Amino acid sequence: MAGLFNNLLVLFFVFQSICLGFRSPLSVFKRYKDTSRSFSSECLGSDQPVVSLGLSDFALDIRMPGVTPKQSDTYLCMSVPLPVDDEAYVVDFKPHASMDTVHHMLLFGCNEPSSTENYWDCDEGTCKDKSNILYAWARNAPPTRLPKGVGFRVGGETGGRFFVLQVHYGDISAFRDKHKDCSGVTLHLTHQKQPLIAGMYLMMSVNTVIPPGEKVVDADIACHYKRFPMHLFAYRVHTHRLGKVVSGYRVRNGQWTLIGRQSPQLPQAFYPVEHPVDVSYDDTLAARCVFSGEGRTTETHIGGTANDEMCNFYIMYYMEAKHAVSYMTCTQNANPELFRNIPQEANIPIQIMSDMLKMTHGHHEETKDSDKSSLLQQAKKEEEEILEQSNFYSLLSKLLGEREDVVHVYKHNPTEKAESDLVAEIANVVQKKDLAREITSHEERDSTNLVRDKIQSEHDFHIEEAVEWPGLDLKLGQISGLALDAENNLVIFHRGDHVWDENSFDNTFVYQQRGLGPIEQSTILVLHPSNAKLLHSLGKSLFYLPHGLSIDKNGNYWVTDVALHQVFKLGPDKKEPLLTLGVALQPGSDKNHFCQPTDVAVDPNTSSIYVSDGYCNSRIIQFSPNGLYVMQWGEETSLGRAKPGQFHIPHSLALIPDFSQLCVADRENGRIQCFRLETGEFIREIKHKSFGRELFAVSYVPGLLFAVNGMPYPGEAEPVQGFVMNFSTGEIIDTFIPLRKSFEMPHDVVASEDKTVFVGDVHARAVWKFASTEKMEHRSVKKAGIEVQDIKESGTIVEGRLKNNPESTDPVKKQEKQHLVQQHTSTGISFVLITTLLIIPVVVLLAILLFIRWRKTAVYGGDGEHKLDSSSGRILGRVRGKGSGGLNLGNFFASHKSYSRKGFDRVSTEGSDQEKDEDEDTDSEEECSAPQTPPAPSSS
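Residues numbered from 1 in each chain as written. Predicted model: local features only at pLDDT ≥ 70, side-chain atom pairs only at ≥ 80, totals over all residues. Heavy atoms only, no water.

**Student:** What exactly am I supposed to notice about the overall build of the chain here?
**Tutor:** Counting its regular elements, the chain contains 14 helices and 49 strands. When contacts within the chain are restricted to residue pairs at least 6 apart in sequence, those whose partners lie at least 24 apart make up 67%. Accessible surface computed for the chain: about 43400 Å², of which carbon and sulfur atoms make up 53%. (Helix = DSSP H or I, 4+ residues; strand = E, 2+ residues; numbered from the N terminus. Contact = heavy atoms within 4.5 Å. Areas by Shrake-Rupley, 256 points an atom, 1.4 Å probe, with all protein chains shown as cover.)

**Student:** Would you explain the sheet that holds strand β40 (residues 682–686) in this entry?
**Tutor:** Note on sheets: strands pair through backbone hydrogen bonds, and any given pair is parallel or antiparallel. On the basis of which strands lie adjacent, the open sheet formed by four strands has the order β37-β38-β39-β40 and antiparallel pairing. At either margin of the open sheet sits one strand with a lone partner, and together these are β37 (650–656) and β40. On average, each strand axis in the sheet is tilted by 20 degrees relative to the strand beside it, whichever way the strands run. When β37 meets strand β38 (residues 661–666), the two strands line up antiparallel, connected through six bridges. Among the inter-strand pairings, A654 is bridged to a residue of β38, identified as C663. (Pairing = 2+ DSSP bridges. Axes fitted to C-alpha atoms, helices over the stretch in contact; angles between N-to-C directions.)

**Student:** What's the story with the sheet that holds strand β9 (residues 162–169) in this structure? I'm lost.
**Tutor:** Ordered by their spatial adjacency, five strands build an open sheet running β6-β3-β9-β5-β7, and the pairing between neighbours is antiparallel. For this open sheet the edge positions go to β6 (120–121) and β7 (132–138), each flanked by a neighbour on one side alone. The pairing of strand β3 (residues 74–81) with β9 spans eight bridges and is classified as antiparallel. Among the inter-strand pairings, T74 is bridged to a residue of β9, identified as Y169.

**Student:** I tried to follow the packing of aromatic side chains on my own but got confused; where do I start?
**Tutor:** Two descriptors summarise a pair of aromatic rings, namely the distance from one centre to the other and the angle between the planes of the rings. This structure, assessed with the given rule, holds 27 aromatic pairs. Seen in terms of ring centroids, W256 and F339 are 6.0 Å apart; in terms of plane orientation they differ by 65 degrees. Their pairing is edge-to-face. Taken as a pair, W256 in strand β16 (residues 255–262) and F339 in the loop between β21 (327–330) and α3 (354–360) lie far apart in primary sequence, 83 residues in all. Residues F743 and F770 carry aromatic rings whose centres are separated by 6.1 Å and whose planes lie at 55 degrees to one another, so their mutual orientation is tilted. On the criterion of sequence distance, the pair formed by F743 in the loop between β44 (732–736) and β45 (746–751) and F770 in strand β47 (residues 766–772) is long-range, its members being 27 residues apart. Classification of F770 by relative accessible area gives buried; the value is 0%. Taken together, the aromatic side chains of W500, F505, Y511, Y544 and Y615 make up a single cluster linked through ring pairs. The cationic tip of R684 hangs over the ring face of F727; the distance from NZ or CZ to the ring centre is 4.8 Å. (Phe/Tyr/Trp six-rings, centres within 6.5 Å; stacked < 30°, edge-to-face > 60°. Buried < 20%, exposed > 50% of the residue type's maximum accessible area, 1.4 Å probe, protein only. Lys NZ or Arg CZ within 6 Å of the ring centre and 35° of its normal.)

**Student:** Please explain the nonpolar core as it appears in this structure.
**Tutor:** For soluble globular proteins, nonpolar side chains are generally found buried alongside one another. I62, F93, L107, F163, L187 and L189 are the most contacted members of the largest nonpolar core, which has 54 residues in total. Membership of the second largest hydrophobic core comes to 33 residues, among which are I221, V273, V279 and F313. (Core = buried A, V, L, I, M, F, W, Y, C linked by side-chain atoms within 4.5 Å.)

**Student:** Would you mind going over the state of the cysteines with me for this structure?
**Tutor:** For the coordinates displayed, the defined rule picks out six disulfides. The disulfide bridge from C77 ends at C122, spanning 2.0 Å between sulfur atoms. Negative torsions about the S-S bond denote left-handed disulfides, and the value of about 115 degrees found for C77 with C122 makes this one right-handed. Placement of C77 in strand β3 and of C122 in the loop between β6 and β7 is noted, with a sequence separation of 45 residues between them. Like C77, the residue C122 is buried in the burial classification. (Disulfide = S-S within 2.5 Å.)

**Student:** Where do I start with the environment of T186 in this structure?
**Tutor:** Structurally, T186 is set in strand β10 (residues 184–190). As for T186 and P49, which are separated by 137 residues in sequence, their C-alpha atoms are 8.8 Å apart. Once residues lying within four places of it in the same chain are set aside, the contact partners of T186 are A59, L60, D61, D92, F93, K94 and H96. Here D61 takes part through its side chain, which lies 2.4 Å from a polar atom of the side chain of T186. (Polar contact = N/O pair within 3.5 Å; in protein donor to acceptor, adjacent residues only side chain to side chain.)

**Student:** Please clarify how unusual backbone geometry should be interpreted in this entry.
**Tutor:** Backbone phi values are negative for most residues with the exception of glycine, while trans is the configuration of most peptide bonds. Of note, the amide linkage connecting D613 to G614 takes the cis form, showing an omega dihedral of -5 degrees. For G614, the position within the fold is in the loop between β32 (609–613) and β33 (619–623). Not every positive phi belongs to a glycine, and I649 is a case in point at roughly 70 degrees. Relative to the elements of secondary structure, I649 occurs in the loop between β36 (646–647) and β37. Residue class for I649 comes out buried when judged on its relative accessible area of 3%.

**Student:** I tried to follow the pairing of strand β28 (residues 557–561) on my own but got confused; where do I start?
**Tutor:** Put simply, side chains in a regular strand alternate between the two faces of the sheet. Most of β28 sits out of view: five of its five residues are buried. Across the two faces of β28 the burial is the same, with Y557, V559 and D561 and W558 and T560 all buried. Inspection of the sheet shows strand β27 (residues 546–551) paired to β28 by four bridges, in the antiparallel sense. By the bridge assignment, L549 is partnered in β28 with V559.

**Student:** Can you help me understand the side chain of R63 in this one?
**Tutor:** Tracing the chain through its elements places R63 in strand β2 (residues 57–63). Residue classification places R63 among the buried positions, given a relative accessible area of 9%. Reaching out from R63, the side chain makes a polar contact with the side chain of H96 at a distance of 3.4 Å. At 3.4 Å, the side chain of R63 forms a polar contact with the backbone oxygen of C182.

**Student:** I tried to follow the confidence of the model for the chain on my own but got confused; where do I start?
**Tutor:** One rule of thumb: low pLDDT means the predicted coordinates there are not for detailed reading. Residues of the chain with pLDDT of at least 70 account for 66%, and the chain-wide mean is 74. Within the model, the stretch residues 378–459 combines pLDDT values under 50 with 199 contacts to residues more than four positions away or in other chains. (pLDDT = per-residue confidence, 0-100.)

**Student:** Is there a simple way to explain the pairing of β7 in this structure?
**Tutor:** For β7, a buried count of seven out of seven residues is recorded, marking the element as mostly surrounded by other parts of the structure. The sheet contact formed by strand β5 (residues 104–110) and β7 spans six bridges and is antiparallel. Within the sheet, the bridge partner assigned to H104 lies in β7 and is A138.

**Student:** What should I look at first to understand the pattern of salt bridges in this one?
**Tutor:** Pairing of side chains with opposite charge becomes possible as their charged atoms draw close. For the coordinates displayed, the defined rule picks out 18 salt bridges. Between K128 and E112 there is a salt bridge, with the nearest N and O atoms lying 3.8 Å from each other. Of the two residues, K128 sits in the loop between β6 and β7 while E112 sits in the loop between β5 and β6, which places them 16 residues apart along the sequence. On the basis of relative accessibility, which here comes to 57%, the residue K128 falls in the exposed class. Its relative accessible area of 40% is what places E112 among the partly exposed residues. (Salt bridge = Lys/Arg side-chain N within 4 Å of Asp/Glu carboxyl O.)

This is the structure we're talking about:
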């Protein structure tokens with residue numbers, strides 16, 4: 001019986017430990033409960049904001065903390081932190097609101113609310129950072145419901161950490177009794193990964209003008225869809241007072257399928273898509289807003305005030321988690337001819353009952369004749385709502401600012417070029433080509449053979465991330481350009497607090513955000529290549545949207561600004577530009593203007609300047625060293641396969657002075673084109689299937705080309721990665737990806753001759769460092785007291801010596817490097833040698849013990865037997881590590897390259913593992929003995 005009881009007790013403890021192994025949701029709410037708010041006693045909501053719903057699910061109650069609005073059309077906001085640090089998913093919403101008191105509610109997600117108070121007037125804003133809508137509720141509108149298996153991703157590294165609730169109290173007559181309101185919403189969240197991720201697609205007109213008195217004005221939006229399939233389940237429309245009807249459609253093979261159609265004067269909640277609609281690659285999404293300018297005496301433009309208008313069609317969708325994109329946008333009309341066939345229903349206004357209209361705008365009959373101040377207050381609040389509506393998708397600016405292709409695909413004269421772009425994009429032009437070219441010059445052929453021979457010996461090397469590089473965690477803006485100076489310091493060109501988004505340019509490529517002023521932060525940063533220490537910075541209050549960066553032989557910085565449409569030459573220590581090309585804020589295509597120039601390169605032999613121009617021009621321009629126009633070449637990509645010399649965004653330049661060539665990353669054509677510097681003559685194309693559809697950047701070091709591509713298109717498997725290519729043949733030698741984080745949109749790449757590579761990602765806002773495996777650390781080996789220290793290629797030693805002797809020639813550098821590498825190789829201890837060195841002392845010790853035993857027996861006889869046991873036991877005990885001292889074989893074998901008699905002078909039962917042979921004067925890293933306490937592993 002006792003045995004049975006013991007067994008049951010053991011099982012109980014095992015079960016208890018297993019249960020404790022699971023993560024209790026309640027345990028993660030401790031931080032939240034410490035700062036949780038207290039509800040008014042009059043509120044009907046729960047006083048427990050977080051309620052566990054099982055091992056992985058919980059409910060989060062987001063309620064107004066007992067408020068009494070003082071006037072009609074009051075907008076109040078409050079925030080709740082996400083009660084967990086890791087990733088979670090919102091899978092359901094339960095509203096708590098009465099139509100008698102609340103006009104509508106919006107729930108935003110962000111990382112920093114506008115206030116830390118329990119609640120605040122929304123005039124202060126909702127969030128300080130980017131925000132996005134997760135939920136909307138309006139009187140007389142159905143609540144938002146997520147399909148099964150679908151969730152909004154929150155928390156973690158990418159999701160918002162705060163929820164902000166905005167409640168619009170339309171009419172305060174219901175608060176005559178001075179009661180307190182606790183309206184809000186309860187979220188159902190789970191830690192279980194959802195197979196389908198919800199997101200938002202915003203269709204928005206940005207250039208509609210409504211003439212005064214015009215009865216019917218159409219605002220049309222259309223974009224070709226170029227991603228993985230998405231499934232639509234809810235929609236929302238938004239205009240101001242002049243909007244009559246908003247309709248959205250999917251167009252496939254000429255067939256129009258209705259997504260949703262609604263009057264914007266009705267409650268602007270999310271309405272369910274009546275019939276399931278899926279959107280696939282190459283479909284078109286189209287939307288139309290119908291306005292009337294009657295009653296207006298001036299033109300009405302798209303804008304953020306109550307006197308302006310807006311045309312927004314929001315689509316709530318879900319995608320498979322592995323392909324999920326949380327936010328997408330469409331702000332152009334890629335095919336105006338398409339709308340000739342739009343269904344007639346899109347042109348018919350939806351009639352609204354007068355009482356419904358009053359309720360929609362939050363007024364009852366008794367407030368109809370309210371004074372002018374009330375109307376002004378309503379207009380103010382409506383403007384606040386409008387600003388929030390236009391801002392709540394400002395999170396999309398992050399996507400668009402870094403996915404510049406989304407912004408610009410349909411801005412190249414959409415009436416003429418959109419169809420050709422579409423055909424070019426979907427054409428299967430990614431073919432493997434023979435990249436060998438005919439060498440006509442004997443001298444060039446000999447040089448190429450030397451390069452080929454050099455590369456042939458480098459096929460074994462591999463590029464890997466240098467995980468010890470601390471620069472990955474730098475807090476930077478969008479990283480647009482990278483370069484290396486004469487000392488191989490890393491130079492970064494970034495956008496600070498500016499982003500490239502859908503509001504940055506109009507249809508004529510004129511920058512629209514000049515009111516923000518230039519970037520106040522230093523936009524050019526010089527970092528140490530090993531420890532990322534900031535060495536120098538410049539570029540404050542000079543640029544609006546930085547893009548390309550290069551450094552000439554004299555150390556001058558050459559940069560491009562796509563907002564200013566200019567190219568600048570900056571001295572390392574100068575605050576003002578030494579040379580400026582282009583006219584500020586004026587796009588153009590003549591000899592004196594650029595249109596969003598992307599990169600610049602300077603020939604070290606002739607000092608000629610080459611500019612890739614750019615997003616809205618398709619050309620390369622050459623200037624003299626003092627900035628005079630010389631020539632240009634290139635043209636837009638024609639229908640079908642891109643021809644030599646045609647560009648679809650020449651995005652990056654790599655100058656090859658050894659062969660007098662200029663190689664261009666032809667981004668949207670997914671290829672590299674190389675030209676002769678003197679004439680602009682096309683030489684060859686480098687194109688691989690593994691590039692995918694986009695190739696963003698290219699960099700050159702003698703014998704090698706480095707490049708990075710873009711994200712794969714739907715249905716394609718080519719990953720985003722870096723490439724190493726043989727320059728003479730175009731053959732891909734190696735590919736590389738990060739170990740920490742992941743590439744999102746690598747925008748620029750730069751490499752040094754020692755095969756150190758840096759990649760800047762404009763989306764991830766990160767810089768990775770990569771190095772060839774021959775430069776990486778090898779693992780240290782510790783075995784039986786013998787330590788072989790970490791072996792590193794002495795790149796840092798070479799670098800240090802070269803800095804002290806800048807006049808060193810290349811042969812001297814190579815000879816010194818080879819000597820150091822050979823020295824490290826000679827100190828390496830093979831496995832066989834280690835084993836042999838371990839066996840020899842054991843044999844010697846056994847021989848000594850046998851000799852001592854024989855001598856003791858011979859001298860002391862039987863009494864000596866006892867003494868021998870004591871002595872030998874003490875020796876053996878210390879050999880096993882049990883004595884007070886330690887047999888210092890480790891230092892002996894680690895300190896000496898060969899077996900010698902001298903080593904036995906160091907064998908002592910009194911020695912320490914920290915001892916070091918003072919006679920050795922070498923500075924090899926292998927000389928260092930093991931420290932007493934091993935260093936903590938690097939957190940990076």
